[in-house]
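# An overview of the molecular structure
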Amino acid sequence: MSPAEASVVTDDLLRENLRQLVNQRKYDLWFHTVRVVDVQPGEVVLSLGNRFLLDWIRTYYTEVLDRAVEATWGEPREWRLVVAESEQTAGGATNGELHEPLEAEASADTRPDPTPPVHVEPQRSAQDEVAWKNQSFFLHHSDVVLNDKYTFENFVVGPSNSLAHAAAYAVADAPAGSYNPLFLHGNVGLGKTHLLQAICHKAMASGRALKVLYLSSETFVNQFIVAVEKGELSQFRYRYRNVDVLLIDDIHLLANKERTQEEFFHTFNTLYHDQRQIVLSSDSPPSEIPSLRERLISRFKWGLVAEIEPPGFETRLAILRRKARDRDFLIPEDVLNYLAEHIDRNIRELEGAVTKVVGYAQLIHRTIDLDLARKALGQAGDSSATRMTGIDRILEVVCAQFDVRPSDLGGRKRTQSVAFPRQVCMYLARRLTPLSLEEIGVRIGGRDHSTVLYAVNKVRDRAATDSRFAQLMNELEAKCRA
Ligand code: ADP
Ligand code: MG
């Protein structure tokens, strides 16, 4: 039997099985254009006469199709729907209008196995159309209420996040355009969730009736487990595979979850093939997510992978200004500077610091100044950047590491063997103590504040570009705190 004959046989068989599962009227309305396009071991590709039929079937008849496919090939198989090629090139078949395409089908049917003319009841079609349109606007199935502050307008752009921001904006503007999938990664508290939700806000406000689904990967995992337990996989699949924009936050949580990864792989494929937008966030780049399947890693790299880096001083200051302004807090510039210098890893911590300082000022009925800010942060003692550590302890640790004497560091020697450990001390003192630049200068060799600032920046820059050095700084920091 030739492949063409084989496909006619499976077409017939599939349609016969569908007829058994739905009544004739539904069959005539929804299934009469189904054709088998491709059969692979893992997947069957079926075509439909137009986009509207395709969406409708994916919305309401996934289970029926699951069963028909299983009956046709004798085992459950993945299936994927496409719009028939002739319809795509003819244009106009994907516009979601119900009666026109169907009537055109019925009158101009030239296929070898002609389908009986379809009788479409106009009233019924109009209702269906309304039902369809009504449900295509909202964010559904998500356990998340979007934070209305997480918008593009409220996102401060700097060199550390400009690529991620630009890509996110482009995606929201034209889903499934240039960057699909968009994969954002970066450490905790750097704005991944903010950007993902900003995409949701913008896409939903576009007036294009996009179906947007945002959720954490935990939700995806949990709903998958429940669906397996209850035998409701087809509903589960419908939910995830019938959206225009799917955003999954913290996808690294799929690490070590084999079956969910497998399921997500198919979801990804379906959406990607249908040119729907996928946006993912993670705490690390795709290839560094532990035990992530190779084929998922490679797919995540198909589009754009953008890193969000820790913000530099200028951006931190801009964010602090913005947060203070948004909340109507009057915080003097030197205090903002102090916060921006001290808290340099995480924007959530920056926000926390503003809240602490303002809260403390209200508590003790004082206006905010540098002294109060230092006390407020020192008092909280829960953030690594603000924890108190004696400068003597820092000197001790650095001397042991670089094999120099505390008196050398405190002295005025300028040789590299002393100058560099001294800079490291200044850097650690800045990170670990609430002392000002001047105070650190006084304690370490009678330097002025600009020398200290230079040292701090120099060490910080090196840590940013040299991962082994950064590792050493982390170790020293941990020792100082121990
Ligand atoms: P992540 O998801 O990467 O852990 P979030 O998106 O939850 O980080 O961000 C933590 C907090 O920092 C949020 O309140 C967010 O609004 C804020 N934030 C992060 N980046 C920015 C930015 N560039 N501009 C303004 N606020 C930001
Ligand atoms: Mg997040």
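Residues numbered from 1 in each chain as written. Chains lettered and ligands numbered in written order. Predicted model: local features only at pLDDT ≥ 70, side-chain atom pairs only at ≥ 80, totals over all residues. Heavy atoms only, no water.

## With respect to the sheet that holds strand E3 (residues 78-83)
Spatially, three strands are ordered E1-E2-E3 in an open sheet, and the strand pairing comes out mixed. Because the sheet does not close on itself, it has two edges, and the strands there are strand E1 (35-39) and E3. Across the sheet, the mean angle from the axis of one strand to that of its neighbour is 30°, orientation sign disregarded. Contacting strand E2 (43-48) and E3, helix H3 (residues 51-60) crosses the sheet at an angle of about 155° to E3. (Pairing = 2+ DSSP bridges. Helix = DSSP H or I, 4+ residues; strand = E, 2+ residues; numbered from the N terminus. Axes fitted to C-alpha atoms, helices over the stretch in contact; angles between N-to-C directions. Contact = heavy atoms within 4.5 Å.)

## Details of the packing of aromatic side chains
What the rule picks out here adds up to 16 aromatic pairs. Where Phe-31 meets Tyr-61, the ring centres are 5.2 Å apart and the plane angle is 70°; that geometry is what we call edge-to-face. Highlighted residues: Phe-31 in helix H2 (residues 24-31) and Tyr-61 in the loop between H3 and helix H4 (62-73), separated in sequence by 30 residues. Of the two residues, Phe-31 and Tyr-61, both sit in the buried class. An aromatic cluster is present here, built from Phe-183, Phe-220, Phe-224, Phe-236, Tyr-240, Phe-264, Phe-268, Tyr-272, Phe-300 and Trp-302 joined pairwise through their rings. Here the guanidinium or amino end of Arg-19 rests over the ring plane of Tyr-27, the centre of that ring lying 4.3 Å away. Positioned over the ring face of Phe-469 is Arg-462, at 4.3 Å from the centre of the ring. (Phe/Tyr/Trp six-rings, centres within 6.5 Å; stacked < 30°, edge-to-face > 60°. Buried < 20%, exposed > 50% of the residue type's maximum accessible area, 1.4 Å probe, protein only. Lys NZ or Arg CZ within 6 Å of the ring centre and 35° of its normal.)

## Let's talk about the site of ligand 1
Taken together, 18 residues form the shell around ligand 1, and within it Val-156, Gly-189, Thr-193, His-194 and Arg-348 come nearest. Val-156 places a polar main-chain atom, nitrogen or oxygen, 2.8 Å from a nitrogen atom of ligand 1. A distance of 2.8 Å separates an oxygen atom of ligand 1 from a polar side-chain atom of Thr-193. Calculation on ligand 1 without its partners gives an accessible area of 550 Å², and the protein chains cover 95% of this total. Of all the secondary structure elements, the ones that give two or more residues to the shell around ligand 1 are helix H9 (192-204), helix H14 (313-326) and helix H16 (347-363). Of the residues that make up the shell around ligand 1, three or more belong to each of domain 2 (129-307) and domain 3 (313-376). (Near = heavy atom within 4 Å. Polar contact = N/O pair within 3.5 Å; in protein donor to acceptor, adjacent residues only side chain to side chain. Areas by Shrake-Rupley, 256 points an atom, 1.4 Å probe, with all protein chains shown as cover. Domains from an automatic or database assignment.)

## Here's the deal with the pattern of salt bridges
Evaluated as defined, the whole model comprises 25 salt bridges. A salt bridge links Glu-263 to Arg-237; its shortest N-O distance comes to 2.9 Å. Of the two residues, Glu-263 is situated in helix H12 (residues 258-273) and Arg-237 in helix H11 (residues 233-241); the sequence distance between them amounts to 26 residues. A salt bridge links Arg-393 to Glu-396; the nearest nitrogen and oxygen atoms lie 2.7 Å apart. Within this pair, Arg-393 and its partner Glu-396 are both found in helix H18 (residues 391-402), separated by three residues, close to a single helical turn. Residue classification places Arg-393 among the partly exposed residues on the basis of a relative accessible area of 29%. Accessibility expressed as a relative area gives 47% for Glu-396, which makes it partly exposed. (Salt bridge = Lys/Arg side-chain N within 4 Å of Asp/Glu carboxyl O.)

## Re the sheet that holds strand E6 (residues 245-249)
The five strands are arranged E5-E6-E7-E4-E8 in an open sheet whose pairing can be described as parallel. A strand with exactly one partner marks an edge of an open sheet, and here the two such strands are strand E5 (212-216) and strand E8 (304-307). Direction aside, the axes of adjacent strands within the sheet are offset by 15° on average. Each of E5 and E6 touches helix H10 (residues 217-230); the most contacted strand, E5, lies at about 90° to it.

## Structural notes on the pairing of E6
Within E6, five of the five residues are buried, which leaves the element mostly enclosed by the surrounding structure. Summarising the sheet, E5 and E6 pair through five bridges and their orientation is parallel. By the bridge assignment, Leu-213 is partnered in E6 with Leu-246. Bridge count between E6 and strand E7 (residues 277-282): four bridges; the pairing is parallel. Across the sheet, Leu-246 pairs through a bridge with Ile-278, a residue of E7. Crossover connection from E6 via H12 to parallel E7: handedness right-handed. (Right-handed = clockwise from strand over helix to strand, strands pointing away.)

## Observations regarding the packing of helix H22 (residues 449-465) against helix H23 (residues 467-481)
When two helices pack together, their arrangement is captured by the angle between the axes and the distance separating the axes. Contact geometry of H22 with H23 gives a least axis separation of 5 Å together with a crossing angle of 120°. The orientation of H22 with respect to H23, classified from their angle, is oblique. When the axes of H22 and H23 are compared, the crossing they make is left-handed. Judged by residue contacts, Val-459, Arg-462, Ala-463 and Thr-465 of H22 engage Ser-467, Phe-469, Ala-470 and Met-473 from H23. Split by residue class, the contact of H22 with H23 holds five nonpolar, two polar and one charged. (Parallel < 35°, antiparallel > 145°, perpendicular 65-115°, else oblique. Left-handed = near helix turned anticlockwise from the far one by under 90°. Nonpolar A, V, L, I, M, F, W, Y, C, P; charged D, E, K, R; others polar.)

## Quick notes on the confidence of the model for the protein
Considering every residue of the protein, the mean pLDDT works out to 80; 84% of them sit at 70 or more. In this model residues 89-125 is a low-confidence stretch, pLDDT under 50, and it forms 43 contacts with partners more than four residues away in sequence or in other chains. Note that pLDDT drops below 50 for residues 380-388; the model gives that stretch 21 contacts with residues more than four away or on any other chain. (pLDDT = per-residue confidence, 0-100.)

## Some details on the nonpolar core
Counting residues in each nonpolar core, the largest one holds 31 residues, and the members touching the most others are Ile-394, Leu-409, Val-424, Leu-428 and Met-473. Of all the secondary-structure elements, those providing two or more residues to this core are H18, helix H20 (416-432), helix H21 (437-443), H22 and H23. Examining the composition of this core, we find that nine residues originate from one element, H20, more than from any other. (Core = buried A, V, L, I, M, F, W, Y, C linked by side-chain atoms within 4.5 Å.)

## Things to note about the environment of Lys-257
You can see Lys-257 is positioned in the loop between E6 and H12. We classify Lys-257 as partly exposed; its relative accessible area is 34%. A C-alpha to C-alpha distance of 9.8 Å links Lys-257 and Arg-293, two positions 36 residues apart in sequence.

## Re the side chain of Arg-35
Counting through the fold element by element, Arg-35 comes out in strand E1. The charged side chain of Arg-35 is buried without a salt bridge, its nearest counter-charge being Asp-11 at 4.4 Å. (Lys, Arg positive; Asp, Glu negative; His and termini not counted.)

## Examining the pairing of E7
With six of its six residues buried, E7 lies for the most part within the structure. Neither face of E7 is left uncovered, since the one carrying Gln-277, Val-279 and Ser-281 and the one carrying Ile-278, Leu-280 and Ser-282 both have all their residues buried. Of the pairings in the sheet, the one linking strand E4 (residues 182-185) to E7 comprises four bridges and is parallel in character. Directly across from Phe-183, in E7, lies its bridge partner Leu-280.

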